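The primary structure of each chain is shown beneath.
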Amino acid sequence: MDSLDHMLTDPLELGPCGDGQGSRIMEDCLLGGTRVSLPEDLLEDPEIFFDVVSLSTWQEVLSDSQREHLQQFLPHFPEDSMEQQNQLILALFSGENFRFGNPLHIAQKLFRDTV
């Protein structure tokens, strides 16, 4: 996850929130071999999660190198691999089911249920 390391380790600028203390409840998560602290609201609230984990984030926020790094975890296809991966990404972010559900929806539910 070299190209994403800075995103996982740079401290977030936390502004004031509801408790007036300027702090948020963070939840430790293990992503691969990296432990990260994520805002509990991101994990518990589907609206916030899907605002962050979205096609617009993929297209407008991530750099080309970050997208390329993440694409290596997608299946590789014998023909038109890049085009089929792009279709897979669109299906993933549009909520399509993959045999047993949408992986992003399943991940959000797992995050929400374990917080």
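Residues numbered from 1 in each chain as written. Predicted model: local features only at pLDDT ≥ 70, side-chain atom pairs only at ≥ 80, totals over all residues. Heavy atoms only, no water.

Where an unreviewed UniProt entry is consulted, the chain appears under the name Nuclear factor related to kappaB binding protein, with the organism given as Moschus moschiferus. Quoted verbatim from the Subcellular location (unreviewed entry) field of UniProt, the annotation for the chain is "Nucleus". (UniProt positions renumbered as here; feature names shortened; annotations may be inferred.)

Turning next to the packing of aromatic side chains. On inspection of all chains with the given rule, the structure shows 3 aromatic pairs. Here F49 and F50 contribute two aromatic rings whose centre-to-centre distance is 5.0 Å and whose plane-to-plane angle is 90°, an arrangement assigned as edge-to-face. A relative accessible area of 24% means that F50 is categorised as partly exposed. Ring centres of W58 and F93 lie 6.2 Å apart, and the angle between their planes is 45°; on these two criteria the pair is classed as tilted. Here the residue W58 occupies a position in helix α4 (residues 55–60), and F93 occupies one in helix α6 (residues 81–93), the gap between them amounting to 35 residues. A residue is classified by how much of its surface remains accessible, and W58, at 13% relative accessible area, is buried. In this structure an aromatic cluster arises from ring pairing among F49, F50 and F111. (Phe/Tyr/Trp six-rings, centres within 6.5 Å; stacked < 30°, edge-to-face > 60°. Buried < 20%, exposed > 50% of the residue type's maximum accessible area, 1.4 Å probe, protein only. Helix = DSSP H or I, 4+ residues; strand = E, 2+ residues; numbered from the N terminus.)

A cluster of acidic residues, D41, E44, D45, E47 and D51, forms a negative patch at the surface. Mapped onto the negative patch, the elements with two or more residues apiece are α2 (40–44) and α3 (46–52). With respect to the secondary-structure elements, E47 resides in helix α3. Since its relative accessible area comes to 58%, E47 is described here as exposed. (Patch = residues over 30% accessible without salt bridge, like charges linked within 9 Å, V, L, I, M, F, W, Y side chains within 5 Å. Areas by Shrake-Rupley, 256 points an atom, 1.4 Å probe, with all protein chains shown as cover. Salt bridge = Lys/Arg side-chain N within 4 Å of Asp/Glu carboxyl O. Lys, Arg positive; Asp, Glu negative; His and termini not counted. Charge placed at Lys NZ, Arg CZ, Asp CG, Glu CD.)

Where strand β1 (residues 26–31) meets strand β2 (residues 34–39), 6 bridges bridge the pair, whose relative direction is antiparallel. Residue M26 lies in a different strand from β2, and its bridge partner there is P39. Turn length for the β1-β2 hairpin, with the two strands adjacent in sequence and antiparallel, is 2 residues, and the turn residue G32 shows positive phi of about 65°. (Pairing = 2+ DSSP bridges.)

Bringing the pattern of salt bridges into the picture now. Pairing between side chains of opposite charge can happen when their charged atoms approach one another. Going through the model one piece at a time under the given rule, you end up with 1 salt bridge. Ionic pairing is found between D64 and R67, a salt bridge with its closest N-O pair at 2.2 Å. With D64 and R67 both in helix α5 (residues 64–71), this residue pair falls 3 residues apart, about one helical turn.

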